[in-house]
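Breakdown of the fold
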Amino acid sequence: MQTTFNRRHLLGIRELQAGEINHLLDTAETFREVSQRHIKKVPALQGRTVINLFFEPSTRTRTSFEIAAKRLSADAVNVSVSTSSVTKGETLLDTARNLEAMAPDCIVIRHSMAGAPLHLARMTNAPIVNAGDGAHEHPTQALLDALTIREYKGRIEGLKVAIVGDILHSRVARSNIYLLTKLGASVSVGGPGTLVPDDFAEVVDNGLRIEKRFEDAIEGADVVMILRIQRERQDAAFFPSMREYAVHYGLQPRHLARAAPDAIVMHPGPMNRGVEISSEIADGSQSLILDQVTNGVAVRMAVLYLLAGGSPAEPAEQKPAKKQKRKVNHE
Ligand code: CP
């Protein structure tokens, strides 16, 4: 079993082995204390450059990648897509190739198209981090969620985790289902029938339960993870109205009472208070929503450290000779 993380890119959780995930989490744990220091900086990536290329809005992910890079002493550059030459018709690939020509050590990308990070990983030489691609994956979100669960529950193996809400359109749900089942948790998903797909067959045998009744998914759970309605990815009406969604599927204290008494509540953000979650729960004693955000910095420090020079990378895939000439020498 692979117990280190020697990949060139972080594109998703699905392809990772449990040992690689644990190595990422262990590395993140070592970085957590940096953010507690008076001077929140280590020289681990001094002289390296990280480019954040976000084609979709973000508060938590983009900021924490930037903070993570800066706490590792890397130079962090945020490309504002709305003021970039993308608005003049430049393609994703040409944009990435032009950024690559400036010798970054890592490109972090968020895009509405599932597979966009994989496309760049195949066509450029820079290490690529997927910061969320369509409804496909959001690997660093799942890692920070796992780090938070480990911090508060001491383990992941054997825990009952309920993921409720808009599973169909959620990249967070997919990455978490892959990660949590690989690490031995029992995962149940629940929500309106139209938003809970039956297409996770490969993980159903590996510890995933699909519940059509939202309350059944929560029953006895050690962790209750609530997801937002992803309206930006819905091309049809999946329920009559937000008001009805809030009445029937918004997490209220009476629902949480069905989970284990010491259950923790998580939400990746952004939250729609009064829709999928009541303020009483979001701000309650079981909520770890802001702890997740704190752990996001440590996880992204670990990912950047391992991909942009903190650990030997696996050999680059064969690329055209012209591209190879551009390859950055980390020695
Ligand atoms: N959880 C998450 O990805 O939040 P942002 O969209 O604010 O980055």
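The structure contained in this document is the topic of the report that follows.

Rules and cut-offs
- Residues numbered from 1 in each chain as written.
- Predicted model: local features only at pLDDT ≥ 70, side-chain atom pairs only at ≥ 80, totals over all residues.
- Heavy atoms only, no water.
- Helix = DSSP H or I, 4+ residues; strand = E, 2+ residues; numbered from the N terminus.
- Rg over C-alpha atoms; globule rule 2.2 N^0.38 Å.
- Buried < 20%, exposed > 50% of the residue type's maximum accessible area, 1.4 Å probe, protein only.
- Contact = heavy atoms within 4.5 Å.
- Areas by Shrake-Rupley, 256 points an atom, 1.4 Å probe, with all protein chains shown as cover.
- Lys, Arg positive; Asp, Glu negative; His and termini not counted.
- Charge placed at Lys NZ, Arg CZ, Asp CG, Glu CD.
- Polar contact = N/O pair within 3.5 Å; in protein donor to acceptor, adjacent residues only side chain to side chain.
- Pairing = 2+ DSSP bridges.
- Axes fitted to C-alpha atoms, helices over the stretch in contact; angles between N-to-C directions.
- Core = buried A, V, L, I, M, F, W, Y, C linked by side-chain atoms within 4.5 Å.
- Near = heavy atom within 4 Å.
- Phe/Tyr/Trp six-rings, centres within 6.5 Å; stacked < 30°, edge-to-face > 60°.
- Salt bridge = Lys/Arg side-chain N within 4 Å of Asp/Glu carboxyl O.
- Right-handed = clockwise from strand over helix to strand, strands pointing away.

1. A word on the overall build of the protein chain
A count of helices and strands for the protein chain gives 13 helices and nine strands. Relative to its length of 331 residues, the protein chain is compact, with a C-alpha radius of gyration of 20 Å against a globular reference of 20 Å. Based on the C-alpha atoms only, the size of the protein chain along its principal axes is roughly 60 × 40 × 40 Å. Expressed as a percentage of the 331 residues in the protein chain, the buried residues total 54%. Counted over contacts in the protein chain with a minimum sequence separation of 6, partners at least 24 positions apart contribute 74%. Here the protein chain has roughly 14,300 Å² of accessible surface; of this, 50% comes from carbon and sulfur atoms. If you average the places of the 40 positive and of the 38 negative side-chain charges in the protein chain, the two averages end up 6 Å apart.

2. Observations regarding unusual backbone geometry
A cis amide bond, omega -5°, links G269 with the succeeding residue P270. As for its position among the elements, P270 is in the loop between β9 (264-266) and α11 (279-282). One non-glycine residue, S73, adopts positive backbone phi at about 70°. Mapped onto the secondary structure, S73 falls in the loop between α2 (60-71) and β2 (75-80). With a phi close to 60°, A103 is a non-glycine residue in the positive phi region. Looking at the secondary structure, you find A103 in the loop between α3 (92-100) and β3 (106-111).

3. Brief notes about the side chain of S73
Judged by its relative accessible area of 15%, S73 falls in the buried class. At 2.6 Å, the side chain of S73 and the backbone oxygen of V42 are in polar contact. Discounting chain neighbours no more than four positions away, the residues touching S73 are K41, V42, P43, L45, Q46 and G47.

4. Topic: the sheet that holds β9
On the basis of which strands lie adjacent, the open sheet formed by five strands has the order β7-β6-β5-β8-β9 and parallel pairing. Edge positions in the sheet fall to β7 (208-211) and β9, since each has one partner strand and no second. Neighbouring strand axes in the sheet, compared pairwise and without regard to direction, differ in orientation by 20° on average. Relative to strand β8 (residues 223-226), strand β5 (residues 160-164) is paired through four bridges, and the arrangement is parallel.

5. Brief notes about the nonpolar core
Residues L143, I149, V161, I163, L179, L180 and L304 are the most contacted members of the largest nonpolar core, which totals 65 residues. In this structure I149 touches G154, R155, I156, L159, L180, V223, M225, I264 and M266, once residues within four positions along its chain are discounted. Counting residues in hydrophobic clusters, the runner-up holds 17 residues, among them A162, V164, A217 and I218.

6. Here's the deal with the site of the ligand
The environment of the ligand is formed by S58, T59, R60, T61, R110, H138, Q141, P268 and G269. Take T59: an N or O atom from its main chain is 2.8 Å from an oxygen atom of the ligand. At 3.0 Å from an oxygen atom of the ligand is found a side-chain nitrogen or oxygen belonging to R60. When the free accessible area of the ligand is taken as 250 Å², the share hidden by the protein chains comes to 93%.

7. Let's talk about the packing of aromatic side chains
Across all of its chains, the model carries three aromatic pairs by this definition. Arranged with centres 6.0 Å apart and planes meeting at 75°, the rings of F214 and Y249 form a pair that is edge-to-face. One end of the pair, F214, is in helix α8 (residues 214-218); the other, Y249, is in helix α9 (residues 242-249), with 35 residues separating them in the sequence. Among the residues examined, F214 registers a relative accessible area of 2% and is labelled buried. What makes Y249 partly exposed here is its relative accessible area of 24%. Linked through ring pairs, F214, Y245 and Y249 together constitute an aromatic cluster.

8. A look at the environment of Q36
Structurally, Q36 is set in the loop between α1 (18-32) and β1 (49-54). As for Q36 and A135, which are separated by 99 residues in sequence, their C-alpha atoms are 34 Å apart.

9. Looking at the pattern of salt bridges
Under the defined criterion, the tally for this structure stands at 13 salt bridges. In this structure, D262 and K153 form a salt bridge, with 3.4 Å as the shortest nitrogen-oxygen distance. Of this pair, D262 sits in the loop between α10 (253-256) and β9 while K153 is found in helix α5 (residues 139-153), placing the two residues 109 residues apart along the sequence. Residues joined in a network through salt bridges with shared partners are D26, E29, R32, R150 and E151.

10. Quick look at the pairing of β5
A large share of β5 lies buried, amounting to four of its five residues. In this sheet, strand β6 (residues 186-190) lies alongside β5 in parallel orientation, the contact comprising five bridges. Looking across to β6, one finds that K160 is bridged to S186. With respect to chirality, the unit in which β5 leads through helix α6 (residues 171-182) into the neighbouring parallel β6 is right-handed.

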